[in-house]
Structures are given as structure tokens and as C-alpha cells.
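Observations on the model geometry
This is what each chain is made of:
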Amino acid sequence: MFTNHLIAFLLGFILDRIIGDPYNIPHPIRYIGNLISFFENKFLHLDGIRNFEKEKKSGALMCILVILITGLVTGLITFSSYKAHFVFGIIVEAILTCYILAAKSLKVESMKVYDALKHGTVEDARKAVSMIVGRDTDTLNEIGITKAAVETVAENTSDGVIAPLIYTFFGGPVLGLMYKAVNTMDSMVGYHNDKYEYFGKAAAKLDDIVNYIPARLSAIFMILAAFFGGKEYSFKNAVKIFKRDRFNHKSPNSAQTESACAGALSVKLAGDASYFGKVVKKPFIGDDLRQIEFDDIKRACRLMYLTEDICLTGLMIIAAIIYVIIS
């Protein structure tokens, strides 16, 4: 079974690198999102007098139900596929693994911002970046748009690439999609605003927990990627900024890879941003040793790919050790 899983895992990795998330066909994350919306509509009632304690408990119940349903359905699909035939099982697991990983789609969507900045208008770029960030983009200038895109690539290198890669390696599509369920709940309801402050608290806290170790590993891998990446990156500055700025964010995890990326690129990221019409004060990450530019989006994507390659290499070493032990 381990050999089948490893073959499927590597095939899924390759599929993600080649095609990423295909558009206009059913996607597990969309179904998870629909499930979250169903429970939100069922549990969260904003009319009348609100009971914040009840909202917190309802949000926690939603987390439990979404994670359990995701795990059970994925487990049933995977088990049934292997039961039919091991080759069919490998194919299904590889496809699910491809869906879980997001390196190619992260690059594609961020490069749309790059293309809009280079060949289109500021409005085109604002529209493109609005598809990958949660902040308000209507008033961003070209530098603000570029920073937003780079920050998104840096942050999502952890929760969109490295964390799902690690969870899927150790627990197959079941654990991988359970992780994605947590991540999706946080992105949908884990906001500090009037609507979700209490209902989304459990999702936000759980997301912090499941990303705690992967975020730190991602930052270490990214620093190593800066070392192997060549003249475009500064390994020394990546180490310096990571050590200094890795906690410059309300989330215990988000600034881990952002600081490594900012240091590697020798630019300043983060700072104040507007969400739902309200300016949120944020500390800066990195030093403006040079002005950020369009090509930093491309550099951030390459750094993300190098980071994933280093992570995969580490996982294959672990796989070799496991194979020797069980043989």
C-alpha cells in the first residue's frame, strides 16, 4: 500500500506542476466550500438579538462536521477505488493529490497580475489581484498591486503548497483534503469582522494550529531555496529578515514565509491594508533595499517552486527510510 501511495503522490505532484487545477470541471474544494456555506446558512443567524457564545459553539460544530464529512467521503472514494483495482486506486489518488496541491494555480493566477501590470492597465491589474487577495484593491497603485501579489505567493507557499504536500504525503488524500477543509473554512469565515468574529473563531484558531509547523518548515525551505536560487535572491538577507520579522503579523504563521520571501528579494512587504472598507494597521516586513518591481512576482513564483522542490526532496528521503524499514 505504501508503494501505491508513493506512486500516486508523485503522479499527483507532477500533474499539479503540468496542469494545475483544471477549470470548468468538478473540484473537491468547491464541494467543501458548498458544504461550509450550507452549515453557515443553517447555524449563523444575524437577524434579531445575537448570541455570541452560541455563534462560537455553532462555528466549532461546523468545523467538526465539515472535517468529518470531508474525511469520510474522501476515505470512501479512495478505499473504493483501490478495492476496484490498485491501478484505478493509484489514478484516483493521484487526481485527488493534484486537486489538493496548488503550486501551478498559484503561479498562473499571480502571473495574471504580472501580465496585467506589464501589458494592460492598472484597472486590469486591480481586477486580477482581487482574485487572489482578501484586501480591498480599488485604490491600489502599481506598487501596491505588485506587493499584494508577492505577499500572496509568499504566504500561500505555506498553506497552499508546502502544508498540503506534507499532510498528503503522511496521510494521503484523506488527511490532505481534511487540511484543505480547515484552510477553506478559515478563508471563508475566519475574519475579524462583525459577521464572523465569533462564528469563525474556531476555524481561524484551527487553521493556526494545523499550519503552525508547516509554516515554519516552509520558511526554512524558502531560505534554502534562496541559497540555491542564484543571484536574484539573497540567502543572507532571507535569514536576517526571517529572524527579525517572522512574527510581524497577527497570525502566528503568515509572516514566516513572507519574511523569508521579503528578505530573499530584498524588498519591503506588508504594512497597512484596507479590508471591507476599514484600514488595518500592520507592521512592515523586510527592508526596502530596492524598490519592488513587476518581475518580483515572477521571482516569488520561482522561489515558491524551488521551495516545493526542496520539500519534496526531504519527503522522498523520508519515504526511502520508511521503505527500508518496512521491506
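Here's a quick rundown of the structure. Note that this is a predicted model, so its numbers are computed, not measured.

Looking only at helices and strands, one finds 11 helices and four strands in the protein. Relative to the compact-globule value of 20 Å for 327 residues, the protein shows a C-alpha radius of gyration of 20 Å, a close match. Here the protein, with 327 residues, has 52% of them falling under the buried criterion. Put simply, 73% of the contacts in the protein that link residues at least 6 apart link residues at least 24 apart. A total of about 16000 Å² of accessible surface is found on the protein, and carbon and sulfur atoms cover 65% of it. Charge-centre separation for the protein: the mean point of 36 positive side chains lies 3 Å from the mean point of 33 negative side chains.

To continue, consider the environment of K42. Turning to its location among the elements, K42 is positioned in helix α2 (residues 28–43). Spatially, the C-alpha atoms of K42 and I90 are 37 Å apart, while their sequence positions differ by 48 residues.

Take helix α5 (residues 103–119) next. Taking 1.5 Å per residue, 17 residues should reach 24 Å; α5 reaches 24 Å between its end C-alpha atoms and fits that length. Looking at the packing, one finds that the buried side of α5 touches α1 (2–18), α6 (122–130), α7 (142–189) and α11 (295–326).

If you add up the space inside the second largest pocket, you get close to 270 Å³. Every residue lining the second largest pocket is counted, 13 residues in all, and those nearest its centre are P28, Y31, I32, V73 and T74. When residues of the lining of the second largest pocket are traced back to their parent elements, those giving at least two are α2, α3 (52–84) and α4 (86–100). With five residues, the single largest contributor to the lining of the second largest pocket is α3. Along the lines of polarity and charge, the residues of the lining of the second largest pocket split into 11 nonpolar, two polar and no charged.

Rules behind the numbers
- Residues numbered from 1 in each chain as written.
- Predicted model: local features only at pLDDT ≥ 70, side-chain atom pairs only at ≥ 80, totals over all residues.
- Heavy atoms only, no water.
- Helix = DSSP H or I, 4+ residues; strand = E, 2+ residues; numbered from the N terminus.
- Rg over C-alpha atoms; globule rule 2.2 N^0.38 Å.
- Buried < 20%, exposed > 50% of the residue type's maximum accessible area, 1.4 Å probe, protein only.
- Contact = heavy atoms within 4.5 Å.
- Areas by Shrake-Rupley, 256 points an atom, 1.4 Å probe, with all protein chains shown as cover.
- Lys, Arg positive; Asp, Glu negative; His and termini not counted.
- Charge placed at Lys NZ, Arg CZ, Asp CG, Glu CD.
- Expected span 1.5 Å × (residues − 1).
- 1 Å grid on protein atoms, 1.4 Å probe; cavity = no way out; pocket = protein on both sides within 12 Å on 5 of 7 lines; lining within 4 Å.
- Points joined across faces, edges and corners; volume = space filled by probe spheres on them.
- Nonpolar A, V, L, I, M, F, W, Y, C, P; charged D, E, K, R; others polar.

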